[in-house]
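# Close look at the chain arrangement
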Amino acid sequence: MMIALVRSELYRMATVRSNWLSIAILGGLGLLFGVFDADAWQLLAGVGTFGLAVMRVAQHHQHRTAVLLHLAQPNRTLTLVGHLVASVVVALVFMTLSGATVLLDGDIRQFRETAAVVPLMAVFAAANAAIFRRPTWLFLGYGGWFIFVEGLAGRLDAPLPFSAYLSAGGGDRFSLLVFAGWTTLSVVGALVAVHRDLVGD
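Note on numbering: residues in each chain are counted from 1, in written sequence order. Since the coordinates come from a predicted model, pLDDT governs what is reported: local features require at least 70, and pairs of side-chain atoms require 80 or more to be given and counted, while whole-chain, interface and lining totals use all residues. Values shown for side chains rest on all heavy atoms present in the structure; no hydrogens or waters enter the calculation.

With a 1 Å grid spanning the protein atoms alone, the term cavity applies to any set of points in which a 1.4 Å probe fits but cannot get out, the term pocket to an open set with protein on both sides within 12 Å along at least five of seven lines, and the term lining residue to any residue with an atom within 4 Å of a point. Grid points are joined across faces, edges and corners, and a volume is the space filled by probe spheres set on the points. Approximately 280 Å³ is the volume attributed to the largest pocket. Together, 13 residues line the largest pocket, and Val 47, Phe 50, Tyr 142, Phe 146 and Phe 162 are the ones closest to its centre. Elements supplying a minimum of two residues to the lining of the largest pocket: helix H3 (38–62), helix H8 (135–153) and helix H9 (161–169). Gly counts as polar in this scheme, as do all residues outside two lists: the nonpolar Ala, Val, Leu, Ile, Met, Phe, Trp, Tyr, Cys and Pro, and the charged Asp, Glu, Lys and Arg. The residue inventory of the lining of the largest pocket, partitioned by class, reads 10 nonpolar, 3 polar and no charged. To qualify as a helix, a DSSP run of H or I must reach at least 4 residues; to qualify as a strand, a run of E must reach at least 2; elements of each kind are numbered from the N terminus.

Quick look at the structure:
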């Protein structure tokens, strides 16, 4: 059943035009960024992964397909796990394609470190989308959070989600553990939130 859920999510990702267009555009930008600066590519890989995972999970609530999804699979925890696994698969494909120029440039270490943290970003984003269900709220909220809290107040050095992602992508093992902690916290919240009523959506 889990394989069928993941396959269904991946099929939807591949067949909805806005989804694969987003991957193509972000992938093209990633290839361009990778030519000039591997750090810029790493940032785009994280932001792109976050956006793709949020949109993919939240679309079920935007388009009112969540009810049909849960009717087909009443075990909502299993459905959530399917979302998380599909998000990781999409993130790894996106990261690999967009990072081709980084690899061709010989920056294997940057690619490897980013590959270690991008799956966590996919799970973090998908779990947050399962909690909040509205992509606009997430994008605006986390955009403000990143600029004002992590950027201006924390100087991108505090043990906060996006700062930890950036540091982990640079090879900092402690930051990888910090980001794994934020991801785990998000998954716990999603496990609770996934059982909420869908009527309000």
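On we go from here.
With respect to the element layout, Thr 114 can be found in helix H7 (residues 108–132). A simple rule labels every residue: compare its accessible area, found with a 1.4 Å probe on the protein chains alone, to the largest value its type can have, and call it buried under 20%, exposed over 50%, or partly exposed in between. According to the relative accessible area criterion, Thr 114 is buried, its value standing at 0%. Once residues within four sequence positions are removed from consideration, Thr 114 is found in contact with Trp 41, Gln 42, Ala 45, Met 95, Tyr 165 and Gly 169. We call two residues in contact when some of their heavy atoms are within 4.5 Å.

Mapped onto the elements, Ala 180 comes out in helix H10 (residues 173–193). With relative accessibility at 25%, the residue Ala 180 sits in the partly exposed group.

A word on the environment of Glu 150. Mapped onto the elements of the fold, Glu 150 is located in helix H8. Along the primary structure Glu 150 and Leu 160 are separated by 10 residues, whereas in three dimensions their C-alpha atoms are 6.9 Å apart. With near-sequence residues (within four places) excluded, Glu 150 lies in contact with Trp 145, Arg 155, Leu 156, Leu 160, Pro 161, Phe 162 and Ser 163. Nitrogen and oxygen atoms within 3.5 Å of one another constitute a polar contact, given that in protein one can donate a hydrogen and the other can accept it, and given that sequence-neighbouring residues count only through two side-chain atoms. Polar contacts involving the side chain of Glu 150 include one to the main-chain amide nitrogen of Phe 162, which spans 3.2 Å.

Before going further, it helps to spend a moment on empty space enclosed by the protein. Tallied over the entire structure, the rule returns 3 cavities of 30 Å³ or more. Counted as a void, the second largest cavity has a volume near 40 Å³. As for the second largest cavity, its lining consists of Met 13, Thr 49, Leu 52, Ala 53, Arg 56, Ser 87, Val 90 and Ala 91. Mapped onto the lining of the second largest cavity, the elements with two or more residues apiece are H3 and helix H5 (76–98). In terms of residue count, H3 provides more of the lining of the second largest cavity than any other element does, 4 residues in total. The residue inventory of the lining of the second largest cavity, partitioned by class, reads 5 nonpolar, 2 polar and 1 charged.

The next subject is H7. Residues that lie three or four places apart on an α-helix share one face, since the helix turns once every 3.6 residues. The first and last C-alpha atoms of H7 sit 36 Å apart over 25 residues, in line with the 36 Å expected at 1.5 Å per residue. Within H7, 18 of the 25 residues are buried, leaving the element largely enclosed by the surrounding structure. Two residues or fewer past H7, Arg 133 is found with a positive phi of approximately 65°. One fewer than the residue count of a helix, multiplied by 1.5 Å, yields its expected span.

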